[in-house]
Structure formats: structure tokens, C-alpha cells
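For reference, the chains in residue letters:
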Amino acid sequence: MSKKYQLSKIKSSHYYTFLEISELLGVHVRTVQGWHKDGLNVLDENRRPFLVEGKSLIEYLKRKRAARRTPLQPDESYCVKCKAARKGSAGTQEIITTGKTLGENAKQVIIRAKCEKCGCSIWKYTSDRKIKMLENCNPKYKEEDKSLNENSSSKLRVYQNKKKQ
Ligand SMILES: [Zn+2]
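Residues numbered from 1 in each chain as written. Predicted model: local features only at pLDDT ≥ 70, side-chain atom pairs only at ≥ 80, totals over all residues.

J.: Kindly report on the confidence of the model for the protein, identifying the contributing residues and their values.
T.: Of all residues in the protein, 81% have pLDDT values of 70 or greater, and the mean over the chain is 82. Here helix H5 (residues 139–164) stands out as the element of the protein with the lowest mean pLDDT, 49, in contrast to strand E1 (residues 15–16), whose mean of 98 is the highest. pLDDT under 50 marks residues 146–161. Its contacts with residues more than four places away, or in other chains, come to 11 contacts. (pLDDT = per-residue confidence, 0-100. Helix = DSSP H or I, 4+ residues; strand = E, 2+ residues; numbered from the N terminus. Contact = placed C-beta atoms within 7 Å.)

Okay, here's the thing in C-alpha cells:
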């Protein structure tokens with residue numbers, strides 16, 4: 001089941017279309033589209049064909065590989081430095097909307113926090129729906145999130161403006 005992609009084939013400073021990626025790695029172009037939905041960054045969400053920087057592709061596949069080996073709880077992210085699943089330390093979580101939708105009722109968001117062990121930045125893609133589910137079963141998480149939500153809207157704007165440039 002676990003497929004090993006030859007990351008050495010990917011040039012980090014090269015830009016690839018989904019079709020080129022599928023040919024390069026020997027996967028179906030639908031698989032690449034799935035990666036995009038799953039968080040693979042493209043250069044410009046509004047321009048077709050989508051272009052993916054080699055660097056982003058490598059990073060995405062490495063994370064995917066690591067994440068597969070490390071099952072994450074809903075409130076955990078993979079820490080690249082610790083090479084393990086880690087919770088964010090209290091009060092450092094930020095929720096950033098990416099502007100992408102996942103199906104009909106969910107929006108893609110990034111949860112970012114500082115690793116509780118090493119302080120490194122950890123993050124993962126998820127959906128606002130999953131976060132709501134998390135809030136319902138874990139009231140403590142909800143409280144932490146609330147305080148963040150108040151200032152996360154300004155952070156969201158910064159993020160969006162950054163994207164537009
Ligand atoms: Zn860490």
C-alpha cells in the first residue's frame with residue numbers, strides 16, 4: 001500500500017503542472033488532484049493549469065510519508081524537529097482559513113501552533129468541520145480556541161494579503 005515516490009526526481013526550483021507530476025512520479029493525475037485537495041500548495045489558486053513548485057511537492061510528500069508512519073490524534077500535528085506527533089503548547093494555536101473548500105460543507109483550515117516539547121512551529125491541514133467536532137467533545141480545546149479566534153481574523157487578513165502579492 002505504501003508507495004515510495006522518488007523525491008530525487010523532483011527539482012526543487014522547477015515548476016510542474018499536475019500532468020508533469022503524474023508522469024514524473026508515475027501516479028494518476030487524479031492522485032495529484034487529490035494531493036492538492038489535501039494541502040499540496042500550488043503557485044496560484046486562480047490560474048490554470050496549476051503550477052507546483054518542486055520544493056512544495058517534496059515537502060508535501062515528505063510530510064505525507066512521515067504522517068503515515070505517525071498516526072495523529074485530532075489535537076496533534078507532526079513535528080518535523082521531534083519527528084513525532086506533538087500537541088501544541090497551550091495558547092499558541094492559530095487557525096488560518098486557506099480559502100479552499102473541502103466538499104460542500106467544510107472549509108480547509110490550517111492549525112498552527114508551537115510544539116509543546118521543542119517550541120518548533122507545527123501545523124497541519126484540516127477542516128473547520130473537524131475543529132467543530134473537536135470542540136464538541138473537548139470543551140477545554142474550545143476555550144483555547146475562542147481566545148485565538150478573536151485575533152485570528154486579523155492574522156487571516158495578513159495571510160490573504162500575503163497570498164495576493
Ligand atoms: Zn517538537
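J.: Hey, could you go over the pairing of strand E6 (residues 106–114) for me, with residue numbers and the actual values?
T.: Sheet topology note: the strand E5 (residues 94–102)/E6 ladder contains 6 bridges and is antiparallel. Across the sheet, Ile96 pairs through a bridge with Ile110, a residue of E6. Taken together, E5 and the strand that follows it, E6, pair antiparallel across an intervening segment of 3 residues, in which Gly103 is found at a positive phi of about 70°. Where E6 and strand E7 (residues 121–127) come together, 7 bridges link them in antiparallel fashion. Each residue of the ladder has a partner; that of Val109, found in E7, is Thr126. (Pairing = 2+ DSSP bridges.)

J.: Lay out the environment of Ser89 in plain terms, naming residues and giving numbers.
T.: Its location among the elements puts Ser89 in the loop between strand E4 (84–87) and E5. For Ser89, a count of 14 C-beta atoms within 10 Å corresponds to the partly exposed category. With 27 residues separating them along the chain, Ser89 and Glu116 place their C-alpha atoms 4.2 Å apart. The contacts of Ser89, once residues within four sequence positions are left out, are Ala113, Lys114 and Glu116. (Buried ≥ 20, exposed ≤ 12 C-beta atoms within 10 Å, placed from the backbone.)

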